[in-house]
Structures are given as C-alpha cells and as structure tokens.
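# Residue-level structural notes
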Amino acid sequence: MQVSVESGEGLKRKLKVQIPSERVDEQVDRKLREMRGQVRLQGFRPGKVPMKVVQKRYGPQVRGEVLDEVVRSTYAEALEQESLRPAGTPDIQPLTVEPGKDLEYEASFEVIPDVEVRGVESIELTRPAVDIEAADVDRILERLRKQHAEYTEVDRAAADGDRATIDFHGQVDGEEFSGNSGEDVPVPLGEGQMPGPFEEELVGMKAGDEKTVRYTFPEGFPDADIAGREAEFSVTMKKVEAPELPEADDAFAEKLGIEGGLEALRERITESLEREREQAVRTRVKNQVMDALVQRNEIELPQTLVDSEIEQLRQQTRERMRQAGAEGEEPDLPADQFEEEARRRVKLGLLVNEIVRANEIQLEPERMQAALQRVASGYEQPEQVMQYYLQNQEMMQSLQLQVMEDQVVDWVMEQAQVTEKPMSLDALTSGVEDEENTEAS
C-alpha cells in the first residue's frame, strides 16, 4: 500500500492511497468461492454452480462490497501509518476502481490540531465557602408551607401571595398568536409562574375588574413570530383567594410523608440543601476553570467540528422551542447565531481531551457511581433511574463525560491558585454575590 499526504490550507489534509490490485482481487475471489457453495440457481445442483456463472451473476456486487471494505480498512491503516488524527468524517473520492488495476482513492479531511495547554499555574480561582444556616432551612420550610396552602376566596384587591383566577385574551398588532388566551387560569401572585410585569398588573385588581395589560415579549422568546413584540391582553379578574398556610409542626411533616416530625423534616431539608450547595460550588468553580482555559489558550479549530457543533446547538434550540409550545414552520436559525458558542465548545473539548491524554487521567469508577447516585437521588424511585442509566449507553457516556470533566477541574485546581470566599447560600445559588461579600472581596 502506497500513501502520500498533501497539506492544504490550515488543518486541511488530502490523503492519497494506492492498493495493489491483487489485494482486492484475492478478496473478491474468496468471497465468490464462499458464495458458490450457497448459491442456488435453476438447472444446477446446490454447490455445483460453475464459478464462471457465479462470477458473471454476482461479481460486480461482490466487488463493490469488497471495495467498500478495503477502503475503510486501508483508510484506518493509512491514518495510523502517517500519524494523522482526522476531525470528523472524510470526503473519499475514488480515482481508479477498474478490475485488474490498482485501487486508488483520495480522502480529504481536517486534522485535530496539536494542542499544548498553557497557563494553568497562573489561573486564579475562587471557591465559595458556604454554611447551611437555620434561615436557609426556614426559607425552604416556608416555601413548602406555601405549596400546601389552602385558599379561601376574599372580597378585596389582589396582593402578592394571593391566588388570582383570570380570563385573558391577547393580540399582537391585532392578530392572534399561539397560547394567546385562557379561561379560569390560576395565577399565584409573586411565584413567577407568569412574567413579572404581567403579574404586577394583576395586583390591586378585584373580582369582576377588567383591565388591558401590555407586555413585550423578550427577544429570545421561543415563538419567533412574537419575540420582541408588544402584546395587548384583555384581562378579567374572576376571583381572588387568600392563602392559609399550615403550621410548621409535626403534623405537617407527617403530611409530607416524613417520619420523625418537624425535626426530621428540617434534617431532610438540610441534607437537600447540602447537595444543592455542593452542586452549585462545583458548577461555579468549573465555569471559572473552563473560562480560564479558553482565555489562556489559542487553538486553530477544525471547521468540521465547529459546523457539527453548530448543528447540534441548532437542533437543541428547535427542541426547546417545540417543548415551549412553538407551532408552525421551523424557524430559520442561521449558523452565525451559534458560531461563538460552538467554537467555545470545540475549543474546550480539545483542551480537556489534551489534559486527559497528557496527564493520563483515568475515569474513576467510584466517582461514576457517586455521580449516578446523585442523579438518581432527585427522583422518587432512584433504583429504577440508576437501572435506566445503566441500560442506556448514550446516557452513560454523557455522564462519563461529565465525571471526566470534573476530574479535569480537580486536576486544574491542584495546579492553580485557589482562594476560598465566604458566601451565603442564596448568593451562591442565585449566581449573584451579596453586597457584604462583594465589599469584603
């Protein structure tokens, strides 16, 4: 087998491969002889069909199959011989495929660039140090009480915390749109189930009141037809109900299925908040690590991988829009809308892979098991969720990738400069640092 490599612009490569005709002809002949013992043709006994007949009838088909097999195998051999790492699927063009002549083909592709991760020792990271306070538990307990409140109709204006029941009908420039109307729709005021500006207009309305509410949809709204446009809603207040919250006592804990009373409920809330804290800390540190790696390393990116990532982001956006109830024709989602994020993802993938390769980081089974248990713990039947993951190769690969990224983050933290910063749980989970912590920094 003869192989030559031609370098094109940037990361583009063209591989030219020539395979002796004997290699192809021998495989074709062997396959045809194997077939001869199985072929059944009228006028011939089983296994006694003349070879010339078999060749004439099945030769072109078998040769095509052999050519495909030889190209696949020799392409892999050529890559290994030339120490090339292709990015994505190659464009393979046959040059010579006639019987009796050497097989020749060209494979065009981009290669994975050589990556050297720099600047890890100079990375400065801030790791939040967060204690779970009694006030944090009280806040969750209050939320649970609100979720289990009983509502009583009242004859007064609606206020935050009340439940308003409304009819509404909206139009944009006098035209209807998907999801523009509803009847007897319950709206817990202050809970954020509807956009804040819309809910604010409901405060102060009494049963029987009618009002026109104007609301501008955000630019990134899933329904592209109304994104960024102002809608006018006719709203009728049907009734206002005030909440009566259950007492935070042992009976309330038992109602939630918690044995051991209120104290056991508070312990369960604390455990949940601790898991939430650890996840939030991991996420915040991981974001810092990834941002730092991107900023400190310039890499020439294979456009093939960027294009593939753009298409994946495009599909994810379409799926989110479908889940949000967007109807009609699929919107035009231009590639440049996703270019920056796609390039960042590809760059991070190359950097993470190089850290894993250069430092021989192996996936730790204990961390995989812990990650699987952490995912499953958020469901009512964790054992079934774990089993589902174990039987789903795609989901397990996704989880393995997350765990490997966490291990890379740990490796970077060992090399980087890490400072712990006290922070409240609310500031950590909201992503916004409180004033006290900001001033202290």
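Residues numbered from 1 in each chain as written. Predicted model: local features only at pLDDT ≥ 70, side-chain atom pairs only at ≥ 80, totals over all residues. Heavy atoms only, no water.

We now examine the packing of aromatic side chains. Enumeration over the complete set of coordinates arrives at 7 aromatic pairs. Considering the side-chain rings of Phe 198 and Phe 233, the 5.4 Å spacing of their centres and the 90° angle between planes classify their relative orientation as edge-to-face. A residue pair is termed long-range when its members are at least 10 positions apart, and Phe 198 in helix 4 (residues 196-202) and Phe 233 in strand 10 (residues 230-244) qualify at 35 residues. For the pair Phe 198 and Phe 233, one class covers both residues: buried. (Phe/Tyr/Trp six-rings, centres within 6.5 Å; stacked < 30°, edge-to-face > 60°. Helix = DSSP H or I, 4+ residues; strand = E, 2+ residues; numbered from the N terminus. Buried < 20%, exposed > 50% of the residue type's maximum accessible area, 1.4 Å probe, protein only.)

Moving on to the packing of helix 1 (residues 21-36) against helix 2 (residues 51-82). Axis separation between helix 1 and helix 2 bottoms out at 8 Å; the angle between their running directions is 130°. Considering their axes alone, helix 1 and helix 2 lie oblique with respect to each other. Seen along the crossing, helix 1 lies across helix 2 with a hand that is right-handed. When grouped by side-chain class, the residues that make up the contact of helix 1 with helix 2 number 11 nonpolar, 5 polar and 9 charged. (Axes fitted to C-alpha atoms, helices over the stretch in contact; angles between N-to-C directions. Parallel < 35°, antiparallel > 145°, perpendicular 65-115°, else oblique. Left-handed = near helix turned anticlockwise from the far one by under 90°. Nonpolar A, V, L, I, M, F, W, Y, C, P; charged D, E, K, R; others polar.)

The next point concerns the confidence of the model for the protein. For any part of a model where pLDDT is low, the fine detail of the predicted coordinates should not be relied upon. Counting all residues, the mean pLDDT for the protein is 90, and 94% of those residues have values of 70 or more. With pLDDT under 50 throughout, residues 434-441 is counted as low confidence; its partners more than four residues away or in other chains account for 8 contacts. (pLDDT = per-residue confidence, 0-100. Contact = heavy atoms within 4.5 Å.)

With antiparallel pairing, 4 strands are arranged side by side in an open sheet as 1-2-4-3. Strand pairing shows two members of the sheet lacking a second neighbour, strand 1 (2-7) and strand 3 (86-96), which therefore form its edges. Ignoring which end each strand starts from, the neighbouring axes of this sheet average 20° apart. Set on the sheet, helix 2 makes contact with strand 1, strand 2 (12-19), strand 3 and strand 4 (103-111); between it and strand 4 the angle comes to about 55°. Strands in contact with helix 7 (residues 303-323) are strand 3 and strand 4; relative to strand 3, the strand with the most contacts, it is inclined by about 115°. (Pairing = 2+ DSSP bridges.)

Another aspect to go through is helix 11 (residues 393-415). Across its 23 residues, helix 11 extends 33 Å between first and last C-alpha, which sits within 8% of the 33 Å expected from 1.5 Å per residue. Within helix 11, the full set of buried residues consists of Met 396, Leu 399, Val 403, Met 404, Asp 406, Gln 407, Val 408, Val 409, Trp 411 and Val 412. In the core, the buried residues of helix 11 are packed alongside helix 6 (261-296), helix 8 (339-358), helix 9 (365-376) and helix 10 (382-391). N-capping of helix 11 is provided by Asn 392, with a side-chain oxygen placed 3.1 Å from the backbone N of Glu 394. (Expected span 1.5 Å × (residues − 1). Polar contact = N/O pair within 3.5 Å; in protein donor to acceptor, adjacent residues only side chain to side chain.)

Turning to unusual backbone geometry, a few remarks are in order. In this structure, Asp 173 takes a positive phi of about 55° despite not being glycine. Among the secondary structure elements, Asp 173 is positioned in the loop between strand 7 (163-171) and strand 8 (181-188). With a relative accessible area of 63%, Asp 173 lands in the exposed category. Even without being glycine, Asp 184 reaches a positive phi, approximately 50°.

Turning next to the nonpolar core. Counting 52 residues, the largest nonpolar core has Leu 265, Ile 269, Leu 293 and Val 412 as the members making the most contacts within it. Mapped onto this core, the elements with two or more residues apiece are helix 3 (134-147), helix 5 (250-255), helix 6, helix 7, helix 8, helix 11 and helix 12 (425-430). In terms of residue count, the dominant contributor to this core is helix 6 (12 residues). In this structure, Leu 293 is in contact with Val 117, Val 120, Ile 123, Leu 351 and Ile 355, ignoring residues within four places of it in sequence. With 27 residues, the next largest nonpolar core counts Val 17, Val 66, Val 71 and Ala 107 among its residues. (Core = buried A, V, L, I, M, F, W, Y, C linked by side-chain atoms within 4.5 Å.)

Relative to strand 4, strand 3 runs antiparallel, the two being bridged by 7 bridges. Across the sheet, residue Ile 92 finds its bridge partner in strand 4, namely Ala 107. The loop that links strand 3 with its antiparallel partner strand 4 comprises 6 residues; one of these, Gly 100, has a positive phi angle of about 85°.

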